[in-house]
Amino acid sequence: MFCRNLPDDPNTQWSISLVSSIISKHIEKNCINLVLTFDGQGVSGHVNHTAIYKAVRHIACTGQLPLDCCLLSLDTVGLIRKYLSVLELPLSWMLPSSFCCMTGLDGFRQAKVRHHIHVGLNTI
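Quick caveat, the model's predicted, so the values are computed rather than measured.

Conventions we followed
Residues numbered from 1 in each chain as written. Predicted model: local features only at pLDDT ≥ 70, side-chain atom pairs only at ≥ 80, totals over all residues. Heavy atoms only, no water. Axes fitted to C-alpha atoms, helices over the stretch in contact; angles between N-to-C directions. Helix = DSSP H or I, 4+ residues; strand = E, 2+ residues; numbered from the N terminus. Parallel < 35°, antiparallel > 145°, perpendicular 65-115°, else oblique. Left-handed = near helix turned anticlockwise from the far one by under 90°. Contact = heavy atoms within 4.5 Å. Nonpolar A, V, L, I, M, F, W, Y, C, P; charged D, E, K, R; others polar. Buried < 20%, exposed > 50% of the residue type's maximum accessible area, 1.4 Å probe, protein only. Pairing = 2+ DSSP bridges. Disulfide = S-S within 2.5 Å. Polar contact = N/O pair within 3.5 Å; in protein donor to acceptor, adjacent residues only side chain to side chain.

Q: Break down the packing of helix α1 (residues 16–29) against helix α3 (residues 47–61) for me, with residues and values.
A: For the pair α1 and α3, interaxial distance at closest approach is 8 Å and the crossing angle is 65 degrees. Judged by the angle between their axes, α1 and α3 are roughly perpendicular. Remark: the crossing between α1 and α3 carries right-handed chirality. Taking contact as the criterion, the partners of I16, V19, S20, I23 and S24 in α1 are, on α3, A51, I52, K54, A55, V56, H58 and I59. For the contact of α1 with α3, the per-class residue count stands at 8 nonpolar, 3 polar and 1 charged.

Structure, rendered in structure tokens:
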């Protein structure tokens with residue numbers, strides 16, 4: 001999803017009301033029943049990621065979320081754990097967590113391609 005008012009720039013603050021409105025409409029239009037978002041720290045301190053978390057939290061707190069929609073957020077980890085990739089997996093299994101999601105090799109490849117597209121958009 002692309003919006004000129006929401007540049008992918010870690011130095012640009014996004015309007016929480018605008019992001020909330022876009023996300024809320026997208027959830028309703030597409031009958032989405034699960035939203036996975038960043039946590040309040042934006043995973044890597046990225047202000048756009050933090051804005052998405054705040055927008056989703058706003059939607060939930062104001063009763064705009066459909067009753068059948070579940071919200072989940074990622075937990076920010078330190079830089080070493082973030083870049084250890086697969087080597088970090090055993091550590092994640094040992095730490096307490098209420099949710100663990102694994103994808104197969106195809107899911108990993110798809111996520112990697114999408115991440116490269118996201119990073120590529122930053123350089124345009």
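Moving on from the coordinates now.
Q: Any details on the environment of T37? Residues and values, ideally.
A: Mapped onto the elements, T37 comes out in strand β1 (residues 34–37). C-alpha separation for the pair T37 and A55, spaced 18 residues apart in sequence, amounts to 9.9 Å. Dropping the residues within four chain positions of it, T37 is found in contact with I52, Y53, V56, L72, S73 and L74.

Q: Mind laying out the pairing of β1, listing which residues take part and the relevant values?
A: Side chains of β1 alternate between two faces, with V35 and T37 buried and L34 and L36 left unburied. In terms of strand pairing, β1 meets strand β2 (residues 70–73) through 4 bridges, oriented parallel. Note on β2: the bridge partner recorded for V35 is L71.

Q: How would you summarise the state of the cysteines if you had to cite specific residues and measurements?
A: In the structure shown here, the tally under the stated rule is 0 disulfides. The cysteine C70 is free of any disulfide, with C69 supplying the nearest cysteine sulfur at 7.2 Å.

Q: Outline the environment of N48, supporting the account with residue identities and numerical values.
A: If you trace the backbone, N48 turns up in helix α3. Taking relative accessible area as the criterion, N48 reaches 1% and is therefore assigned buried. The sequence separation of N48 and D8 amounts to 40 residues, and the corresponding C-alpha distance is 7.1 Å. Among residues more than four places away in sequence, those in contact with N48 are P7, D8, D9, P10, T12 and W14. Polar side-chain contacts of N48 include one of 3.0 Å to the backbone nitrogen of D9.

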